[in-house]
Amino acid sequence: MSATTSSFPPIADYAFLSDCHTGALVAPDGSLDWLCVPAFDAPSSFGNLLDRGAGSFRFGPYGINVPNARSYVPGTNVLTTTWHTPAGWLVVHDALTMGPRRGHDTVTPHTRPPADADADHLLVRTVECIEGAVEVELVCEPAFDYGREPARWTVVGDDDHVADASGAGQRLRLSTDMLVGIEGGAARARHVLRKGETAFCALSWADGLVSPADAADATARIASTVQFWREWLSRARIPDHPLRHSLERSALTIKGLTYMPTGATVAALTTSLPETPGGERNWDYRYTWIRDTTFTLQALHYLNLDWEADEFMQFVADLEPNADGALQIMYGIDGRRDLTETTRDDLGGYEGARPVRVGNGAFDQRQNDVFGAVLDSLLLHTTRSKHLPMRLWPLVESQASCATAVWRQPDQGIWEARGEPRHYVSSKLMGWVALDRAAKLAAIRDEEELSAKWRATADEIRADILDHGVSDRGVLRQHYDTDALDASTLLAPLFGFLPATDERIRNTVEAIDSELTENGFVLRYRTDETDDGMSGKEGTFLICSFWLVSAFAAIGEMDRARNVMERLLKIASPLGLYAEEFEVERARHLGNFPQAFSHLALIEAAGRIVLADFREELSL
């Protein structure tokens, strides 16, 4: 299906809203096409993103679908949309609102210490006519349980301003100062606003279905949300540099993908947005990958967001391990272990990409890189905080023990291949990271015997990689039985596996740049050379392109690093967001959106460029 005939907006055209409990995607035409309540991984109540009949909520000018401008209120995740109609101009604000904590949160109970602000469990939308007279339309049509159950509406009160939608055990309250009527599964309203007049609507899943009392209350809640995001961002260390805006938007996105009750971070807001147009590479990313811990901690500490970093580490410390002490590769945002994958065959999928998946079948895969991610995070956090909490030391011992036991075994690798297990170089690399970091952590605790033991194992793993994981031309392989390239080997210089001056590191970076790219964007591997258990081609992976920026910086190729970074910044979404992949041929984003991994890698890459630029200034 071509981009011009598709009924689905391009993935990158969606705006992302968040209240750090759940998130929403708003299409350019003002339709809310994705919202799961009360949490990121709940069944969708608005799922138009995956099927044109799975629930939507439009608020905007009647008969006009193309806005003049869309932007975030600077420093926030609050959306502003400006509309020009033949009769006038409108400005709409959309927010999942945040405000001062009002007691215990019974909707999504917290396991982390309470903060001063929390989610209202409200979607609030306000509109103002700034010129002329414009007819405003409201069409709210939930479809619960991923579109399986249309809403049953009940008008509340006798003034036609409030109505409740029920289905699949859920209940939402729509409130507005417009007059609402019910038509089948939709609540509808139309009203003409004249210059200076305003209107609002709100959707509530709060305790008691608390809703804004009036337009002034709705406006105040959006103002409070703006204040929340700006105060939060003011704590971040964002340097005065041309990359400042991208760093700010990435920081806001990562925070927006963080589940405040536990401190967990979801990999992406969505499920089943395709990696291959119309294909089967569609996954549910609304979970926490342990692999992401090291990249998350690096980004948070770089941005000086130590509180968020500590909460994420405490979430990891709370997780229930397997019987052998190893952590799973991913968990639910509440720490649950069972993420059994099912398909929703009644949904047509984004642009026909099927199946639509709920859950992720990779949760019980063997992926030996998880230990390195945990231990690198622990060392980074310990170094930054100058303290290793007692409750985290057992995690060091268990993950080091597990890494020691399994590093010689094949696994599914960093990309969770659904083919045969292999001796992936990236997994061996992260095994080395695990024992290298464990040895350093043991030294911090003056556990000299343990430190020496783990250091010896790290040296053994390094030797094994250099014996079996390097091709005849001196390039790190994808796995021991092939000379195929894999972008994950770019992690070698980033984790300090070998000095950046080592010829094998430079050879690997150069080979990936010249042989594993499309128009300068990096593939994670070539699908015709890799048994990943799936069919079809995939787009370039944005995280891999950002890794190339960092790798170029690590080997001192700063001009090349800046060039790749500039190319990546140019393909950001209109609102500064990134999906998982970029399809070069059609210049569009693919995969789940927004993608935490892409933004985390952007922060690291930008940090390396900023540091190099500041050093150059000092040397002038």
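Anything mentioned here points back to the structure above.
Residues numbered from 1 in each chain as written. Predicted model: local features only at pLDDT ≥ 70, side-chain atom pairs only at ≥ 80, totals over all residues. Heavy atoms only, no water.

### Quick look at the layout of surface pockets
One number sums up the size of the largest pocket: a volume of about 540 Å³. In terms of lining, the largest pocket is formed by 30 residues, of which the most central are Ala115, Ala117, Phe228, Trp232 and Arg235. Secondary-structure elements contributing two or more residues to the lining of the largest pocket are β8 (88-100), α2 (215-234), α3 (244-256), α4 (292-302) and α5 (306-318). Looking at the lining of the largest pocket element by element, the count peaks at 5 residues for α2. (1 Å grid on protein atoms, 1.4 Å probe; cavity = no way out; pocket = protein on both sides within 12 Å on 5 of 7 lines; lining within 4 Å. Points joined across faces, edges and corners; volume = space filled by probe spheres on them. Helix = DSSP H or I, 4+ residues; strand = E, 2+ residues; numbered from the N terminus.)

### Some thoughts on empty space enclosed by the protein
Evaluated as defined, the whole model comprises 3 cavities of 30 Å³ or more. In this structure, the second largest cavity encloses a volume near 40 Å³. Sorting elements by how many residues they give to the lining of the second largest cavity places strand β7 (residues 79-85) first, with 3 residues. Its residues assigned to classes, the lining of the second largest cavity comprises 7 nonpolar, 2 polar and 3 charged. (Nonpolar A, V, L, I, M, F, W, Y, C, P; charged D, E, K, R; others polar.)

### Details of the nonpolar core
Within the largest apolar cluster, 199 residues are counted, with the highest numbers of intra-cluster contacts made by Phe57 and Trp547. Apart from the residues within four sequence positions on either side, Phe57 is in contact with Gly30, Ser31, Leu32, Phe46, Leu123, Arg125, Leu138, Val139, Cys140, Leu174, Cys201 and Leu203. Core analysis: the next-biggest nonpolar cluster, separate from the first, contains 11 residues, Ala267, Trp283, Tyr287 and Leu339 among them. (Core = buried A, V, L, I, M, F, W, Y, C linked by side-chain atoms within 4.5 Å. Buried < 20%, exposed > 50% of the residue type's maximum accessible area, 1.4 Å probe, protein only. Contact = heavy atoms within 4.5 Å.)

### What to know about the environment of Phe200
With respect to the helices and strands, Phe200 occurs in strand β16 (residues 198-204). Residue Phe200 is classed as buried on the basis of its relative accessible area, which comes to 3%. In this view, Phe200 contacts Phe59, Arg125, Thr126, Ser175, Thr176, Asp177, Pro212, Asp214, Ala215 and Ala218; residues no more than four positions away in its chain are not counted.

### A short note on the pairing of strand β6 (residues 69-72)
Judged by which residues are buried, β6 turns out to be one-sided: Arg70 and Tyr72 face inward and are buried, whereas Ala69 and Ser71, on the alternate face, are not. Across 4 bridges, β6 lies against β7 in antiparallel orientation. Each bridged residue has a counterpart across the sheet, and for Tyr72 the counterpart in β7 is Leu79. Count of turn residues in the β6/β7 antiparallel hairpin: 6 residues, of which Gly75 carries a positive phi of about 80°. (Pairing = 2+ DSSP bridges.)

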